[in-house]
Amino acid sequence: MKILVTGGTGFTGKALVRRLLDDGHQVVALDFQEGLKTQELRDWGAEVVIGTVTDKEVVDRCMTGVEVVHHLAAAFRQLNVPNSYYWDVNVEGTRNVLEAARRENVKKFVYCSTCGVHGNVDTPPGNEESPINAADYYQQTKYEAEPIVKEYQQKGMETTILRPAAIYGPGDPERFFMIFKRVNKGMFPMFGNGKTLYHPLYIDHLVDAHVLAQEPGKGVGEAYLIADEEYIEIETLVQKTAAALKVDVKIPHFPVTPVIIVGHICEKVCKPFKITPPIFPRRVDWYRQNRAFSIDKAKRDLGYAPHISIDEGLRRTAAWYREEGYL
């Protein structure tokens, strides 16, 4: 099939493009910028288009002849932009891609949302019916796009929504890198008691979910939480990262409340100057918000079956960081 992957030069998009090419598909990767080693995508045989999902003309051009769309493109960690930027990309951009897909009679549309739409999980594990409680504008706008996806489902297009947990793995230059970098130095300050729950998602597992969801008739009109088999406490994650790196790490504990206050102050002070703050609320949330989910629905409906353990995933990721010179 001819498949469009928006956000195709990013960490997740690139991994998905590689799998789809390996499976024999023709792939168009659309993204607003060159990513890490984007030339590899071209070398593998993908068509790479640099442009934004907010540009209807570019989206229409990429959609020609496409049978399946994986919509991953999103404003994610842009901290020095107005909230309207998140809305334009995450909501209106999604509408643009859906409308172009409808005109092209696309067979399946897979939307990559986020588990963050549920915010803090008060009674772990959460599931797809857990309350929607987005903690920031990124998560809110990712959720705001979900009803639009369902709207096009009602218009006759097969759609499936995936809500991935904390993605990590080889090829990730930033998500888990801060954890690895701090652990590798032998000292990881822990704000709070370290018992907050965190649910990792190894990159291969998310790609598995996307490939399963693109099949006709699977998960139609549904939303699915996608994560690894187990969630863990954040202090355990730090300890396992140290084991993967084969280093000793000290984990001193500090109160979390002062860090929350500093995060909000830094964000407000830096935003008018378009400076990326050294600490901000979303980063502080890692220490205090439970993210722990049941993946039973994805297993049942999609045949989703995560198979790489957290220890093996962290070991592979540590090896990649070292091979690429990050550590």
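This text follows the structure it describes.
Predicted model only: the values in this text are computed from it and were never measured.

Enquirer: Sorry, what's going on with helix α1 (residues 11-22) here?
Expert: Helical periodicity: at 3.6 residues per turn, an α-helix aligns residues three or four positions apart in one direction. The terminal C-alpha atoms of α1 lie 17 Å apart, and with 12 residues this matches the ideal 16 Å at 1.5 Å per residue to within 8%. Listed as buried for α1 are Phe11, Thr12, Gly13, Lys14, Leu16, Val17, Leu20 and Leu21. Considering only its buried residues, α1 is in contact with β1 (2-6), β2 (26-31), α2 (39-44), β4 (68-71), β7 (166-168) and α7 (203-213). Just past α1, the residue Gly24 takes up positive phi, approximately 95 degrees.

Enquirer: Honestly, the sheet that holds β1 in this entry has me stumped. Any pointers?
Expert: Sheet strands line up and pair through hydrogen bonds in the backbone, either parallel or antiparallel. Taken in spatial order, the 7 strands line up as β3-β2-β1-β4-β5-β6-β11 in an open sheet, and their pairing is parallel. Strand pairing shows two members of the sheet lacking a second neighbour, β3 (47-50) and β11 (223-226), which therefore form its edges. The sheet shows a mean angle of 20 degrees between the axes of neighbouring strands, taken without regard to direction. Where β1 lies against β4, 4 bridges are found, and the strand directions are parallel. Within β4, the residue paired with Ile3 across the bridge is Val68. With respect to the sheet, α7 is in contact with β4, β5 (108-112), β6 (158-164) and β11, its orientation differing from that of β6 by roughly 165 degrees.

Enquirer: Please clarify how the pairing of β4 should be interpreted in this entry.
Expert: For a regular strand, the rule is simple: side chains alternate between the two faces of the sheet. What you see with β4 is no split at all: Val68 and His70 on one side and Val69 and His71 on the other are buried throughout. Two elements, β4 and β5, share 4 bridges in a ladder whose sense is parallel. Across the sheet, Val68 pairs through a bridge with Lys108, a residue of β5.

Enquirer: Would you mind showing me how to read helix α4 (residues 83-103) here?
Expert: Here α4 spans 30 Å end to end across 21 residues, near enough to the 30 Å set by a 1.5 Å rise per residue. The principal kink in α4, of about 30 degrees, is found at Glu92. Buried within α4 we find Tyr86, Val89, Asn90, Val91, Gly93, Thr94, Asn96, Val97, Leu98, Glu99, Ala100 and Ala101. Positive backbone phi, approximately 55 degrees, marks Asn105, located one or two places after α4.

Enquirer: I'm lost on the packing of aromatic side chains in this one. Help?
Expert: The description of an aromatic ring pair uses the distance of the two centres, along with the angle that the planes make with each other. On inspection of all chains with the given rule, the structure shows 17 aromatic pairs. Seen in terms of ring centroids, Tyr85 and Tyr86 are 6.4 Å apart; in terms of plane orientation they differ by 90 degrees. Their pairing is edge-to-face. A relative accessible area of 26% places Tyr85 in the partly exposed class. Ring centres 6.0 Å apart and planes at 55 degrees place the aromatic pair Phe188 and Trp286 in the tilted group.

Parameters and conventions
Residues numbered from 1 in each chain as written. Predicted model: local features only at pLDDT ≥ 70, side-chain atom pairs only at ≥ 80, totals over all residues. Heavy atoms only, no water. Helix = DSSP H or I, 4+ residues; strand = E, 2+ residues; numbered from the N terminus. Expected span 1.5 Å × (residues − 1). Buried < 20%, exposed > 50% of the residue type's maximum accessible area, 1.4 Å probe, protein only. Contact = heavy atoms within 4.5 Å. Pairing = 2+ DSSP bridges. Axes fitted to C-alpha atoms, helices over the stretch in contact; angles between N-to-C directions. Bend = angle between axes of the 7 residues up to and from the residue. Phe/Tyr/Trp six-rings, centres within 6.5 Å; stacked < 30°, edge-to-face > 60°.

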